[in-house]
Amino acid sequence: MNSYEKITIIGAGNVSWHLASALDESGCSVVQVYSRSAERAQNLAHRLKRTKPTTSLDFADSSATLFILAVSDDAIAAVARQIELPERSTLVHTSGGQPMQVLSEAKTDQIGVFYPLQTFSKQRTISFQNIPLCLEASRSEVLGGLTQLAQKLSTQVAEVDSQQRAVLHVAATFVNNFTNHLLRMGEQLLQDAQLDTTLLRPLIEETVAKAQEMGAAQSQTGPARRDDEKTINHHLNYLKSYDSVYAEVYQLLTGHIQHVFKNN
Ligand SMILES: NC(=O)c1ccc[n+]([C@@H]2O[C@H](COP(=O)([O-])OP(=O)(O)OC[C@H]3O[C@@H](n4cnc5c(N)ncnc54)[C@H](OP(=O)(O)O)[C@@H]3O)[C@@H](O)[C@H]2O)c1
């Protein structure tokens with residue numbers, strides 16, 4: 001099994017920010033952080049114990065054995081091609097939406113994925129302890145090393161292949177990205193009507209708590225669930241004069257809820 005005690009992080013964005021700190025605190029040594037911007041690399045390195053910032057992708061002389069690519073999905077393949085690695089080192093990415101093979105042109109055959117299934121923003125503090133870490137590797141000894149490392153950070157570690165991860169990522173996009181966008185649309189409606197957006201907070205909290213406890217299918221309420229056509233039309237009339245895109249989103253979701261509950 002490979003051992004990953006010295007690690008280099010490529011990228012200084014949201015995931016690097018949190019993952020580098022979690023690795024540092026777990027006793028691993030983050031030896032280098034890379035960004036195209038010297039300032040961003042420095043800002044991240046300053047948060048860590050003994051980390052060198054760098055703007056070079058030449059790591060041929062690095063003491064690290066694991067290189068974590070936490071860059072935008074569209075940049076992974078190009079950076080993997082470009083990066084110079086020490087012998088027998090491992091290269092992984094952190095993306096839910098990209099297969100492991102996006103690293104196939106890297107100068108190592110020890111590749112893998114270290115996907116934390118959570119939403120990260122620099123401004124937030126987040127504990128890795130309960131974040132599912134979804135792992136994949138090109139070799140069993142790499143998977144063993146990644147598993148040992150992941151278990152230092154989290155109690156939820158799972159082997160997930162590229163196909164399964166693609167499904168997880170679509171589902172994560174629904175439950176996080178789209179839900180967040182709907183929250184924003186709700187806030188906007190209130191703001192534009194000069195209403196206090198905090199009025200929605202208890203409802204938002206209960207929505208998530210109830211779906212977690214009872215299951216989302218059992219938790220559905222509202223005019224679409226009840227087939228209350230008069231209320232639905234009332235809402236649609238308001239939205240059509242407010243913003244036609246809001247009306248389209250409303251209609252699409254209402255139609256799907258009605259379809260799902262048609263025979264229930
Ligand atoms: N944010 C999340 O919630 C989340 C959750 C799980 C997984 N992920 C995955 O983690 C990865 C990083 O996401 P993120 O949210 O941390 O992204 P981010 O905050 O947007 O940061 C992206 C990083 O990629 C670097 N980058 C972009 N293009 C590059 C290029 N051509 N060459 C070198 N570096 C480049 C940027 O570097 P510079 O500093 O040089 O501009 C920046 O440091 C992605 O694969 C994403 O799918 C994200």
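The structure displayed is predicted, hence computed values, not measured ones.

(A) How the structure looks around the site of the ligand. The environment of the ligand is formed by 24 residues, the closest being Gly 13, Arg 36, Val 71, Ala 75 and Ser 95. Of all the elements in the fold, those that place two or more residues in the shell around the ligand are α1 (14–25) and α3 (76–82). For the shell around the ligand, the per-class residue count stands at nine nonpolar, 12 polar and three charged.

(B) Focus on the sheet that holds strand β3 (residues 52–54). Read from one edge to the other, the open sheet built from eight strands follows the order β3-β2-β1-β4-β5-β6-β7-β8, with strand pairing classed as mixed. Where the open sheet ends on each side, the last strands, each with one partner, are β3 and β8 (157–159). Direction aside, the axes of adjacent strands within the sheet are offset by 25° on average. One ladder, built from four bridges, connects strand β4 (residues 66–69) with strand β5 (residues 90–93); its direction is parallel. Considered in β5, the bridge of Leu 69 is made with His 93. With respect to the sheet, helix α2 (residues 38–46) is in contact with β2 (29–34) and β3, its orientation differing from that of β3 by roughly 160°.

(C) Structural view of unusual backbone geometry. Its identity is not glycine, yet Arg 88 carries a phi of approximately 55°, on the positive side. Overall, the presence of 10 C-beta atoms within 10 Å leaves Arg 88 in the exposed class.

(D) A look at the nonpolar core. Grouped together as the largest cluster of nonpolar side chains are 50 residues, with contacts concentrated most on Phe 67, Ile 68 and Leu 69. Of all the elements, α1 adds the most residues to this core, at six residues.

(E) Structural detail: the domain arrangement of the protein chain. Split by domain assignment, the protein chain resolves into domain 1 (6–160) and domain 2 (166–260). A straight line from the C-alpha centre of domain 1 to that of domain 2 covers 36 Å. Taken together, the contact pairs six residues of domain 1 with four residues of domain 2. Residues that form the side of domain 1 that touches domain 2 fall into these classes: three nonpolar, three polar and no charged.

(F) Structural view of the packing of helix α9 (residues 229–242) against helix α10 (residues 244–260). Contact geometry for α9 and α10: axes closest at 6 Å, N-to-C directions at 150°. In terms of axis orientation, α9 runs roughly antiparallel to α10. Residue-level contacts link Ile 232, His 235, Leu 236, Leu 239, Lys 240 and Tyr 242 of α9 to Ser 244, Tyr 246, Ala 247, Tyr 250, Gln 251 and Thr 254 of α10. In the contact of α9 with α10, the residues fall into seven nonpolar, four polar and one charged.

(G) Main features of the pairing of strand β6 (residues 111–116). Taken across its six residues, β6 has six buried, putting it largely inside the fold. Burial along β6 is two-sided: the face carrying Ile 111, Val 113 and Tyr 115 and the face carrying Gly 112, Phe 114 and Pro 116 are both buried. In the sheet, β5 pairs with β6 via three bridges, with the strands oriented parallel. Its bridge partner being in β6, Val 92 is matched across the sheet by Gly 112. Looking at chain direction, β6 and strand β7 (residues 133–137) are connected through five bridges and run antiparallel.

Criteria and cut-off values
Residues numbered from 1 in each chain as written. Predicted model: local features only at pLDDT ≥ 70, side-chain atom pairs only at ≥ 80, totals over all residues. Near = placed C-beta within 6 Å. Helix = DSSP H or I, 4+ residues; strand = E, 2+ residues; numbered from the N terminus. Nonpolar A, V, L, I, M, F, W, Y, C, P; charged D, E, K, R; others polar. Pairing = 2+ DSSP bridges. Axes fitted to C-alpha atoms, helices over the stretch in contact; angles between N-to-C directions. Contact = placed C-beta atoms within 7 Å. Buried ≥ 20, exposed ≤ 12 C-beta atoms within 10 Å, placed from the backbone. Core = buried A, V, L, I, M, F, W, Y, C linked by C-beta atoms within 7 Å. Domains from an automatic or database assignment. Parallel < 35°, antiparallel > 145°, perpendicular 65-115°, else oblique.

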